[in-house]
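Descriptive analysis of the structure
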Amino acid sequence: MQPYQMSIRELRCRLDARELSAGEIFAACMERILTDQARQDSLNAFIEVWPEEAARQAAEQDRRIAVGEASPLLGIPLAYKDNLHLAGRGLSCASRSMEGYRARITAGVLEKAITAGALLIGRTNLDEFAIGSTGESSCFGAVRNPHDRARVPGGSSSGSAAAVAAGMVPAALGSDTGGSVRQPASLCGIVGVKPTYGRISRYGLVAGASSMDHLGILARTVEDAALVLTQLAGYDARDGSSGRQAVPAYSEGLDGDLRGIRFGLPAEYFADGMEPEVASGLAAAIDVLRREGADIREIHLPHFGSALSVYAIIAGAETGAACMGKPPFGIEGTDNGDLNAERLGAGVRKRVAFGIRMRDPAYPDIYRQAEKLRWSITQDFDEAFRQIDVILTPTSPVCAFPLRAKEDDPLPPYPADVFTLSANLAGLPALSLPCAYSRGGLPVGMQLITAPYAEHLLFRAAHRIERLLALPAWIPVIT
Ligand code: GLN
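Figured I'd write up the structure that's included with this text. (Residues numbered from 1 in each chain as written. Predicted model: local features only at pLDDT ≥ 70, side-chain atom pairs only at ≥ 80, totals over all residues. Heavy atoms only, no water.)

Structural notes on the pattern of salt bridges
Cut-off, in case you're wondering: Any Lys or Arg side-chain nitrogen located within 4 Å of an Asp or Glu carboxyl oxygen qualifies as a salt bridge. Helix and strand definitions here come from DSSP, where helices need a minimum of 4 consecutive H or I residues and strands a minimum of 2 consecutive E residues; each element is numbered from the N-terminal end. Relative accessibility under 20% of the residue-type maximum defines a buried residue, over 50% an exposed one, and the middle range a partly exposed one, all with a 1.4 Å probe and only protein chains included.
Going through the model one piece at a time under the given rule, you end up with 24 salt bridges. Asp-239 is paired through a salt bridge with Arg-202; the nearest N and O atoms lie 3.2 Å apart. Taken together, the residues Asp-239 in the loop between helix H7 (222-232) and strand S7 (262-266) and Arg-202 in the loop between strand S5 (191-194) and strand S6 (214-219) connect sequence positions 37 residues apart. Accessibility classification places Asp-239 together with Arg-202 in one group, the buried group. A salt bridge links Arg-262 to Asp-389; the nearest nitrogen and oxygen atoms lie 3.0 Å apart. Placement of Arg-262 in strand S7 and of Asp-389 in the loop between helix H11 (364-384) and strand S9 (390-394) is noted, with a sequence separation of 127 residues between them. Arg-262 gets classed as partly exposed once you look at its relative accessible area, which sits at 27%. Salt bridges here are not isolated pairs; linked through shared partners, they connect Asp-36, Arg-39, Asp-41 and Arg-149.

Section: the site of the ligand
Where we set the bar: By convention in this text, a residue qualifies as near a molecule or strand provided that one of its non-hydrogen atoms is within 4 Å of it. Residues adjacent in sequence count toward polar contacts only when both atoms are side-chain atoms; beyond that, a polar contact is any pair of N or O atoms within 3.5 Å, and within protein one must be able to donate a hydrogen and the other to accept it. The Shrake-Rupley method, run with a 1.4 Å probe, gives the accessible areas here. Residue values count only the displayed protein chains as cover. Residue type decides the class: Asp, Glu, Lys and Arg count as charged, Ala, Val, Leu, Ile, Met, Phe, Trp, Tyr, Cys and Pro as nonpolar, and the leftover types, Gly among them, as polar.
Around the ligand, 13 residues are found, and the nearest of them are Thr-177, Gly-178, Ser-180, Tyr-311 and Asp-417. With respect to the ligand, the side chain of Ser-133 contributes an N or O atom lying 2.8 Å from a nitrogen atom. Residue Ser-180 places a side-chain N or O atom 2.6 Å away from an oxygen atom belonging to the ligand. Protein burial of the ligand: of its 290 Å² of free accessible surface, 99% is covered by the chains. Looking at the shell around the ligand residue by residue, the classes come out as three nonpolar, seven polar and three charged.

Some thoughts on the packing of helix H8 (residues 276-291) against helix H13 (residues 455-469)
Between two packed helices, the angle of one axis relative to the other and the distance separating the axes together describe the packing. The condition is simple: Here an axis means a line fitted to C-alpha atoms, over the contact stretch when the element is a helix, while the angle between two N-to-C directions is reported on a 0 to 180 degree scale. The cut-offs work like this: below 35 degrees is roughly parallel, past 145 is roughly antiparallel, 65 to 115 is roughly perpendicular, and the gaps in between are oblique. A contact between two residues is defined here by any heavy atoms of the two lying within 4.5 Å.
Two numbers describe how H8 lies on H13: the axes approach to 10 Å, and their chain directions differ by 100°. Put simply, H8 runs roughly perpendicular to H13. Each of Ala-285, Val-288 and Leu-289 in H8 lies in contact with H13, whose residues at this interface are Ile-465, Leu-468 and Leu-469.

Read these as layout, nothing more, since geometry by itself doesn't imply function.
What follows is the structure in structure tokens.
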């Protein structure tokens, strides 16, 4: 097995046993990135990589390993979505409006990654300002899906998902306001998790819709996602919504069977509108779990039908406010003048204009209604978690669709997020893992949701399901 195919867990073992060096792991990742970048149909997963500098850092990490330093992610390459500040580096949000901008601060989550020893190798591509679900609105061009380069990878953490799925990096950071970590994870056939609201610091994340913005992790295995979250979670006084709860070792105690975990299938999610192959892939996976003795019941989330509109109104209004904020989108200081609003792309302008109308004092009821319904959606989840432990749903109603297929879609958030955004409205931990492949070889994702701060249970359930389904590991050949 090549280093680029290995899980973080495996890489850690090899590094500790001195069978692989940080330099070798980095070189293996970089070779794939550069080979892909030379192709006409490049995945376009990265906005910037740092080959020389990261190679120097990897050599330095090897020296630290040689003298016995044992930071959990020491020698492990990590990429991050380009809507996070890293002091001294460019920060683009895939927007022309940010051209030439350099970050002055470092995001809390990146500080933690660095402290844990991770080797930051580059900034990944995204939908402009993390608005979108296809990865096509980047000013650097669309990201492609490694499973089929003529299809979208999902979004908005498109580059992070494509890079991990393509074996360019074992894990990457993304942000998730309505599904932007889980939906691309689903379309790219990898694991994507966003923990409880407040679990990972948002300090230094460019704001989208602040009451729903989460940091998340994309990885190829559930255990890897758990390993990384253990390092990145935790309190940060600079984020007003940061949680003070202690961080458990999420990757411990993952083994075992599904006994004792009660799963709920929300009838409303399974009603209609799913692509047949998503429905059949998920049904087959659920059958496997049932045969293994899993306790799976039907539940109800009665306000599910309102979630998309509620999300559109609240996310729109908050994004509108963020854009008008000082500094805009919470972008810290500027070296080269303010964000150039005239250069914002059409999708961002549309979202901001819509959002500003949603808070128009002439129509106070729209926003008030949306807030009320958001409360009801949250109550539905509370009620459900009195009966069951884990909610199981599809992640996306569709598999990866062809590039440019949704170009003229007038809907503010494309309904690709219909199954994911409720967990953002309610701030709940949620994870997507691959559960099937379509006949054409496209991945289908399963989403698990738990009560707040029950990430450990989320990982345990997901890890067991991953084992039971035992889908073949898939990483493309890149030449
Ligand atoms: N696609 C959704 C939107 O456009 C979600 C975006 C996100 O989670 N950042 O709002």
